[in-house]
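Residue-level structure breakdown
One letter stands for each residue in the lines below.
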Amino acid sequence: MNDVKISVTPCEALVDERVHIKVDGLPKNGPITIKASLQEGNNRFASYGCYTATEQGHLTVEDQASVQGTYTGLEPMGLFWSMKPEPSSRQNIRFLKKDVTSPIIVTLSVIEGHHSWESLFDPPPKPLATLDVYRWYKDRNVRRERVSKGNIRGVLFIPPGPGPFWGVIDMFGTEGGLFEHRAALLASHGYCVFALPFFAYEDLPKFLPDVSLDYLIECVEWFAGIPGVRHDGIGIIGISKGGMYAMELCRHVPQVKAVVLVNGVTFYSDAPLKFSKGDIKNYRSRLDQVRVTPEGADVANCYQPTDEFFIKGWESEATFLIISGKDDRCLNYSVVEHFMKLVPTEHKHRFQVIAYPNTGHLLEPPYSPHCRHSYHKVLQSDALWGGETKAHSYAQEDSWRRILEFFSNQLQSNKQMSGSHLNTTSKL
């Protein structure tokens, strides 16, 4: 058994890149478990799959099916997307890479026999072989620059080369603070990206109701005008509440040409939006519709906005890609369907909706661990995000491909999207 060797190609790559995992020197037709583990801060995540070696003593993950584990079947990247908190860690946590200047280090361990989840810990079985795999959100050649100019706060990611580059602004949701991982990954694909926080960061407002549309407009106009960004149009990507701001911003800043909503809010929600030209009224959520579950609060049915609260994104010149999970327990997919009915016929060609079955709220870049529920620091309680792990993970992979294609088409090639793609439902 001393000749057991695990190899991964490539052993160092971006997080959205597939890898090939192979094990040699195994007992012929022997039962084998591969375990993946990582530590981020004080939290540990792990996954595993159980396989049978070939007659020649080989195991190739992309060609052989896992018969049990955190995933089953033929899943080349199952060891990555099926990760969940280890038994000794908090269970209501979301995997989140805070420092994108360092890699995620995933340790793969080859273990003899077929194991259960419980038998892999405290103490873990002695492995036959181990290997560290390095996964990056930020390419080594992408520059990260903290921004603090006047009122503007955030982090800028700049690809290598002379530029100017196509620009994208990246925004997240109601947890506040600064999220850099998706911005760093987009920059690794050649975009100049500004990770834009809007509250609970440095000297920005501490609470969501104090966010000002004037601040967001100032940030977008600044970014659209910097020398490193092409001046013929930028994009915005926003998840959840960030999607609401993205849709509103394109109505005020004509440089915004392409908008991606990832389970984004299409109506004025949560609190009046402060604006120097007059605060914008919001829809009041139906708190009586909160459903308490063992996994956390299901608030999907709390939002039932009437027509006057939907954002008239069609009053801009932007084109929209709307990514939606049909099992989103934070925002009911029916709200997106109703929004699309309000889009005037002459503008529908600028709106594409991709809806994924059995998919939850927190859609991340490919191969990220699925988070079905976690603690929400603003709500100060557990929130149920939804999704079934395998379907959700496939949606993350497919939607990321579509997002990159969308920004490429709308910003780089200036192609218009065909109206025939409206309301496409993925069969993944």
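Okay, so let's go over this structure. (Residues numbered from 1 in each chain as written. Predicted model: local features only at pLDDT ≥ 70, side-chain atom pairs only at ≥ 80, totals over all residues. Heavy atoms only, no water.)

The next subject is empty space enclosed by the protein. Counted by the stated rule, this structure contains six cavities of 30 Å³ or more. By volume, the largest cavity is sized at about 130 Å³. Every residue lining the largest cavity is counted, 13 residues in all, and those nearest its centre are Phe80, Ile104, Tyr367, Ser368 and Pro369. In terms of residue class, the lining of the largest cavity is made up of 11 nonpolar, one polar and one charged. (1 Å grid on protein atoms, 1.4 Å probe; cavity = no way out; pocket = protein on both sides within 12 Å on 5 of 7 lines; lining within 4 Å. Points joined across faces, edges and corners; volume = space filled by probe spheres on them. Nonpolar A, V, L, I, M, F, W, Y, C, P; charged D, E, K, R; others polar.)

Size it by volume and the largest pocket reaches roughly 650 Å³. If you trace the largest pocket, you find 34 residues lining it, with Thr174, Asp270, Tyr303, His376 and Leu379 closest to the centre. When residues in the lining of the largest pocket are grouped by element, the largest group, three residues, is from strand 22 (residues 381-384). Volume-wise, the second largest pocket comes out at about 490 Å³. Those elements that place two or more of their residues in the lining of the second largest pocket are strand 5 (43-52) and strand 21 (373-376). Of the residues forming the lining of the second largest pocket, the biggest block, three residues, is contributed by strand 21. Broken down by class, the residue content of the lining of the second largest pocket amounts to seven nonpolar, eight polar and six charged. (Helix = DSSP H or I, 4+ residues; strand = E, 2+ residues; numbered from the N terminus.)

Attention now moves to the sheet that holds strand 6 (residues 59-60). On the basis of which strands lie adjacent, the open sheet formed by three strands has the order 1-3-6 and antiparallel pairing. For this open sheet the edge positions go to strand 1 (5-9) and strand 6, each flanked by a neighbour on one side alone. Bridge analysis of strand 1 against strand 3 (residues 20-24) gives five bridges, and the strand direction is antiparallel. Bridge pairing in strand 3 places Lys5 opposite Asp24. (Pairing = 2+ DSSP bridges.)

The next thing to look at is the state of the cysteines. Going through the model one piece at a time under the given rule, you end up with zero disulfides. Take Cys219: it sits in no disulfide, and the sulfur closest to it among the cysteines is that of Cys192, at 14 Å. (Disulfide = S-S within 2.5 Å.)

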